[in-house]
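Given next are the chains, with one letter for each unit.
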There are 4 protein chains.
Amino acid sequence: MTQNIAILGASGYTGAELIRLIATHPSMQIKALSGERKAGQPLAQVFPHLRHLDLPDLVKIADIDFSDIDLAFCALPHKTSQQVIAKLPRDLKIVDLSADFRLSDPEAYAEWYGNPHSAVDLQKEAVYGLSEFYREEIRSARLVAGTGCNAATGQFILRPLISAGVIGLDDIILDLKCAVSGAGRSLKENLLHAELSEGYNAYAVGGTHRHLGEFDQEFSKLAGREVRIQFTPHLLPVNRGILATCYVSGDASAVYEALVAQYAAEPFIEVLPMGETPSTHHVRGSNFCHIGVASDRIEGRAIVVAALDNLTKGSSGQALQNANLMLGLPETDGLMLAPCFP
Amino acid sequence: MTQNIAILGASGYTGAELIRLIATHPSMQIKALSGERKAGQPLAQVFPHLRHLDLPDLVKIADIDFSDIDLAFCALPHKTSQQVIAKLPRDLKIVDLSADFRLSDPEAYAEWYGNPHSAVDLQKEAVYGLSEFYREEIRSARLVAGTGCNAATGQFILRPLISAGVIGLDDIILDLKCAVSGAGRSLKENLLHAELSEGYNAYAVGGTHRHLGEFDQEFSKLAGREVRIQFTPHLLPVNRGILATCYVSGDASAVYEALVAQYAAEPFIEVLPMGETPSTHHVRGSNFCHIGVASDRIEGRAIVVAALDNLTKGSSGQALQNANLMLGLPETDGLMLAPCFP
Amino acid sequence: MTQNIAILGASGYTGAELIRLIATHPSMQIKALSGERKAGQPLAQVFPHLRHLDLPDLVKIADIDFSDIDLAFCALPHKTSQQVIAKLPRDLKIVDLSADFRLSDPEAYAEWYGNPHSAVDLQKEAVYGLSEFYREEIRSARLVAGTGCNAATGQFILRPLISAGVIGLDDIILDLKCAVSGAGRSLKENLLHAELSEGYNAYAVGGTHRHLGEFDQEFSKLAGREVRIQFTPHLLPVNRGILATCYVSGDASAVYEALVAQYAAEPFIEVLPMGETPSTHHVRGSNFCHIGVASDRIEGRAIVVAALDNLTKGSSGQALQNANLMLGLPETDGLMLAPCFP
Amino acid sequence: MTQNIAILGASGYTGAELIRLIATHPSMQIKALSGERKAGQPLAQVFPHLRHLDLPDLVKIADIDFSDIDLAFCALPHKTSQQVIAKLPRDLKIVDLSADFRLSDPEAYAEWYGNPHSAVDLQKEAVYGLSEFYREEIRSARLVAGTGCNAATGQFILRPLISAGVIGLDDIILDLKCAVSGAGRSLKENLLHAELSEGYNAYAVGGTHRHLGEFDQEFSKLAGREVRIQFTPHLLPVNRGILATCYVSGDASAVYEALVAQYAAEPFIEVLPMGETPSTHHVRGSNFCHIGVASDRIEGRAIVVAALDNLTKGSSGQALQNANLMLGLPETDGLMLAPCFP
């Protein structure tokens, strides 16, 4: 049975990535695409790489008839998303890709995002969309909150280690490098080719990046005590990919075993042979996440490195994976594309 | 019915691209992968981005049992290919991606490639693999010769114009820019990141590039007279993509109409609205070719620009399209992946 | 004797490049830097790569005391430049980097730029700033108009050939590829890293690029008859560099000799050995221009390829070269930096 | 007085960078360039970007007359360097850019490099070439050992902090990202543009990178006790630049003050305002090193980030700085070039 899909905010990168993936999905059909400022335009004008697809023109959200939509992806900016979703039909299944419903505590939300939440009841209802760890809740959820792309990467490394109790909780360091598409299609000087290519830098140094709100929430819940990690993101001159290098105290073999045990049956998470570490080249354009472990020459210290594509597994691929769960479809539908290398 | 596939020379870029595409094919199964120097290795070691696939290990060609293979892709180096194919079973369907069978005239081959052909009978048998123009011959062929990636791009522009008689034949200029993967996985100083990125240059200037042999053969055959074009390739600091800018004398509207008429029913060739020209960004990782036409301010001069992915439509995608034809499968199977942007 | 310099519009790329070059100049000192919207900021905030230099803060143009300024570089946007220069002291030496004074004919200006010129008397006074060809006029000029970066590249190839009468004038084709810094520090979607890197495209196809106005003016003047060339610019995923591939009819040896004769004594223009063609890698960050010639396999056709750095020889380096001439300084002062490779 | 210079191993990247810098030096003249395999070739053939310079052709080392050479830069591969230097005149001043004389302990050398040292007496004589910290020893040295580029970056961050006693010594983590030119001009698959661009990865994970030998030696000497840090290098898709992100325990203000105090008078090391962190964009092609400090949200934790150009401050610029010291010249001669941005 065909599932009818709407994508709200289809003129950004996560919107385009959703369309790219859904185009290969055996049972989803895109019925509506929204873009407030570009309403009326054919999608081929906004994203010429999708011109071969038979897609509806962009419309305003207010002009979408949701009565025949089975599920809506909401790829709108933060703050806008909560306002829009609050006005959508209460029985519509929704996967939100914004940051608006990731934090379940209104105070934590206000602290990290600088404004009170305008839809606190929806915030309570939303299920955190890390598919591999909230699979059952997602299956029965109406509203799923896609995770931050950095937040997903860090959790793929650390959740199994915290659960298994194989690492110290007070000296975790996550040094992460993210591709520029993670910043979206926004016109900022530092995102220009001339300013970004051929160099790199850290940003949000010292514990100010908003994805820390997700780490705090999730790791503390898992550990049953407050956990605060150090996290430094870096902006890299590539378009897709996150590589996270995580420094932990603990026995490297135990760390490795915990990861292998956790992910043995997962279709998208590959734990590499002990001692090998991954490259973003090898997950680019795909929904796969590669994780590798190495022991350090300093006893009792281990390094875990994870690589994924921020637009796919870190965002739109995760969203589609969640939608598959919510609609009772095979979880891997539309998501088995091999990475595009070179 | 499942078609059993062998890929000879699976450790290069066109081999990897074939595997990436075939992984999405509904009725092909890869039964054998060869790599002489890497025989015995799992493919995941050679191409970690394909590690999620269930594939046979690399073997030597001599160790492949061809009795249950329906079709072999031959992604071997030039000269090697003709020697290998000469020893394969005479009833095995073969798509060759090398240059060895593109020129049907042994003298032309010897002139462009600097050595006599060692399998002249096969050379005669081979069908030129430009799917859109040799479709019927390919359907019944046993041995198909994949075209050069630059040669394919230039022909997508020029064949309809020559056939329609809408351009002059004596002042055609093809200025072409090709991505580095077109040079294969070879260890050459000028292919190093440090030498290639952040700059660009022309090469084989003045009419010495071997793909000119294909242009000469095909355009002269089409026109019924000798046609010699000027062709300058450039090496560009990207991994995938060819953009060809072609300067012709003729009426731009007539040129446009000829292209529209030729490609109206083609699934992979998109003629853009008059005046728009394509970008390689919008075909990257896909089997599509975008073509655009503009009239020049100088009356009677037109510019035609085409973009495709050299590894896909220019090579492995074309090969798969030909294989589909040879095996009686739907021509677009495994080839409808949307481009990967950004 | 120290020459006091002002740079108007110092917060753009050509402004930054002027500062980088002047920092190595033995007899120039920067006394004033303007930036209307960033007035009051130290330059290190706008361009952290220049933080080691002892430079004045940015100010508004209206706040500059021009009485002790010997020469002003004007790196302002088109249209703004003519308005600002009209109000500057009439005896101030000025090198303008904008397009405002490149065309000497008010009608040609209006046609190419879409608005009437607001300072027609200055337009008449301005000398065209192609140093190698207007050296004597520049020495005695008060106002010099820097050329377009593409226009400079094309003229370095074609002026000697037109002057020497060794090529046909009715079938000149200039296929040019320009780095993204040529578009300036402007916030446009197609200049974002995510949209520009890993691909390439043509633009202003069909004879609509404004630098054609310069070609028309200069080539027609040189030839003593109307000359119209075909010119297609392409946008490339690098930050610096122009490569122009020029197709002409004529004897390649005669073409080569004309170039060698013209540039034998020029410090910045290097004609490569016959048959070699240049790469932008080898001029990056420098004021050099490399030119190479090849004969085509088609008799009577030649290809000339030129490479330069659009920000240096194509813009700020040219401007400094002109300023040296105007101030009676050695022409190469501040300009002999070797290219930065890799 | 002109100083006569020889560069041994001039056909690699550090050789080319030395020539680029020395070309702007007021009192050095290059008298000999060696390249064993390319002996007899003009340098313009090996490095066309240096073709405007008047340089001697490449020769074999055995053919150099060292009697009129004041100082030789040795830019040869590891192991070769110690053999060559052992045969050079004993009174020739030498700056070695290889790893051969960085470690003063023969056992440590054998452990990290896997073979016994063949010139132990020279090893004892050599002064460690971190200019800012061994200035006086370098002034009177005959043989100076250039540091590893990663090793220099880490030491610029950590030496002042260890000396000032403001950080813990047992939990230092250095997460470092290095450009590809750090790997030299070697033909390896992972250095190809098609394999390296558009992605990134860690390597030598777990404490196996040889530059750790330098960290161990220097930090232990400084601290008066054994110090072992965790160090993970990453390979990044740019040609120049190192960014090191260092995680330490200590008070961020004290860390900041220690850096400011150390580098207040240094011409090449810039400590950014508290809270700002650097970018490799802003040091590219220059001898500058930018360092920034941020406090973490976790009390007692600080992050220090340093950026430099691996080929300049990390290698050839450092070498020239040392040569200036050895020859009694102003330390900054030939080294004040501004970074090349964009």
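These figures come from a predicted structure and were not determined experimentally.

A few words on the interface of chain A and chain D. Facing 50 residues of chain A, the contacting portion of chain D comprises 50 residues. In this assembly, chain A packs against chain D so that about 4,000 Å² is buried in total across both faces, 54% of it on carbon and sulfur atoms. The largest share of the area that chain A buries against chain D comes from Tyr200, Gln230 and Arg297 of chain A, three residues that together contribute 22% of it. On inspection of chain A and its partner chain D, the count reaches six salt bridges. For Arg284 of chain A, the salt bridge identified is with Glu198 of chain D, shortest N-O distance 3.2 Å.

Let's shift gears to the sheet that holds strand β5 (residues 93-96) of chain D. Residues and elements named next belong to chain D. Reading across from one edge, β3-β2-β1-β4-β5-β7-β6 is the order of the seven strands in this open sheet, with parallel pairing throughout. Looking at strand neighbours, the two that pair on one side only are β3 (58-59) and β6 (127-128), the edges of this open sheet. As paired strands, β5 and strand β7 (residues 143-145) are joined by three bridges and run parallel to one another. When the bridges of β7 are listed, Val95 appears paired with Val144. Sheet strands touched by helix α1 (residues 13-22): β1 (3-8), β2 (28-34) and β4 (71-74). Its angle to β1, the strand with the most contacts, is close to 160°.

Further remarks concern the pairing of strand β11 (residues 242-249) of chain A. Residue and element names in this part refer to chain A. For β11, the tally of buried residues reaches eight of eight residues, placing the bulk of the element in the interior. Neither face of β11 is left uncovered, since the one carrying Ile242, Ala244, Cys246 and Val248 and the one carrying Leu243, Thr245, Tyr247 and Ser249 both have all their residues buried. Here strand β8 (residues 173-179) runs beside β11; their pairing, made up of six bridges, is antiparallel. In the strand pairing of β11, Leu176 is matched with Ala244. The pairing of β11 with strand β14 (residues 301-308) spans eight bridges and is antiparallel. Considered in β14, the bridge of Leu243 is made with Ala307.

Each copy of the sequence occupies a distinct position, and chain B is placed on chain D by a rotation of 180° and an axial shift of 0.0 Å, giving an RMSD of 0.0 Å. The symmetry that links the two subunits is that of a two-fold axis.

We now examine the UniProt feature "active site" (unreviewed entry) in chain A. Residue and element names in this part refer to chain A. Taking the numbering used here, the UniProt-annotated feature "active site" (unreviewed entry) corresponds to Cys149. In this structure, Cys149 sits in helix α7 (residues 149-164). Accessibility expressed as a relative area gives 13% for Cys149, which makes it buried. Once residues within four sequence positions are removed from consideration, Cys149 is found in contact with Cys178, His211, Ile242, Asn310 and Gly314.

This paragraph deals with the pairing of strand β5 (residues 93-96) of chain B. All names here are of chain B. As paired elements, strand β4 (residues 71-74) and β5 share four bridges and run parallel to each other. Its bridge partner being in β5, Leu71 is matched across the sheet by Lys93. In this region the chain leaves β4, passes through helix α3 (residues 80-87) and returns to the parallel neighbour β5; the handedness of that crossover is right-handed.

This part takes up helix α1 (residues 13-22) of chain C. Of all ten residues in α1 of chain C, ten are buried; the element is thus mostly enclosed. Where the residues of α1 of chain C are buried, they touch α8 (193-196) of chain A together with β1 (3-8), β2 (28-34), α2 (43-46), β4 (71-74) and α11 (312-326) of chain C.

Bringing the relation of the copies chain A and chain D into the picture now. For these two chains of identical sequence, chain A goes onto chain D by a turn of 180° and a shift of 0.0 Å along the axis, with RMSD 0.0 Å. Both copies present the same face, since 100% of the interface residues in chain A are matched by interface residues at the equivalent positions in chain D.

So, on to the UniProt feature "domain: Semialdehyde dehydrogenase NAD-binding" (unreviewed entry) in chain A. Following the UniProt record, the feature "domain: Semialdehyde dehydrogenase NAD-binding" (unreviewed entry) maps to residues 4-141 of chain A here. Across residues 4-141 of chain A one finds 30% helix and 17% strand; the C-alpha atoms that close the span lie 18 Å apart.

The subject of this paragraph is the domain arrangement of chain A. Residue and element names in this part refer to chain A. Segmentation of chain A into domains returns domain 1 (3-147 + 313-326) and domain 2 (150-310). For domain 1 and domain 2, the distance between their C-alpha centroids amounts to 24 Å. Between domain 1 and domain 2, the contact holds 25 residues from the first and 35 residues from the second. Summing both sides of the interface, domain 1 and domain 2 together bury roughly 2,400 Å²; the carbon and sulfur share of this comes to 51%. Summed over the three residues of domain 1 that lose the most area to domain 2, namely Trp112, Phe133 and Lys313, the buried surface amounts to 31% of that side. Taken together, the connections running from domain 1 to domain 2 amount to three salt bridges. Arg135 is paired through a salt bridge with Glu266; the nearest N and O atoms lie 2.6 Å apart.

About the criteria used
- Residues numbered from 1 in each chain as written.
- Chains lettered and ligands numbered in written order.
- Predicted model: local features only at pLDDT ≥ 70, side-chain atom pairs only at ≥ 80, totals over all residues.
- Heavy atoms only, no water.
- Contact = heavy atoms within 4.5 Å.
- Buried area = accessible area lost by both parts, 1.4 Å probe.
- Salt bridge = Lys/Arg side-chain N within 4 Å of Asp/Glu carboxyl O.
- Pairing = 2+ DSSP bridges.
- Helix = DSSP H or I, 4+ residues; strand = E, 2+ residues; numbered from the N terminus.
- Axes fitted to C-alpha atoms, helices over the stretch in contact; angles between N-to-C directions.
- Buried < 20%, exposed > 50% of the residue type's maximum accessible area, 1.4 Å probe, protein only.
- Least-squares fit on C-alpha atoms with pLDDT ≥ 70 in both.
- UniProt positions renumbered as here; feature names shortened; annotations may be inferred.
- Right-handed = clockwise from strand over helix to strand, strands pointing away.
- Domains from an automatic or database assignment.

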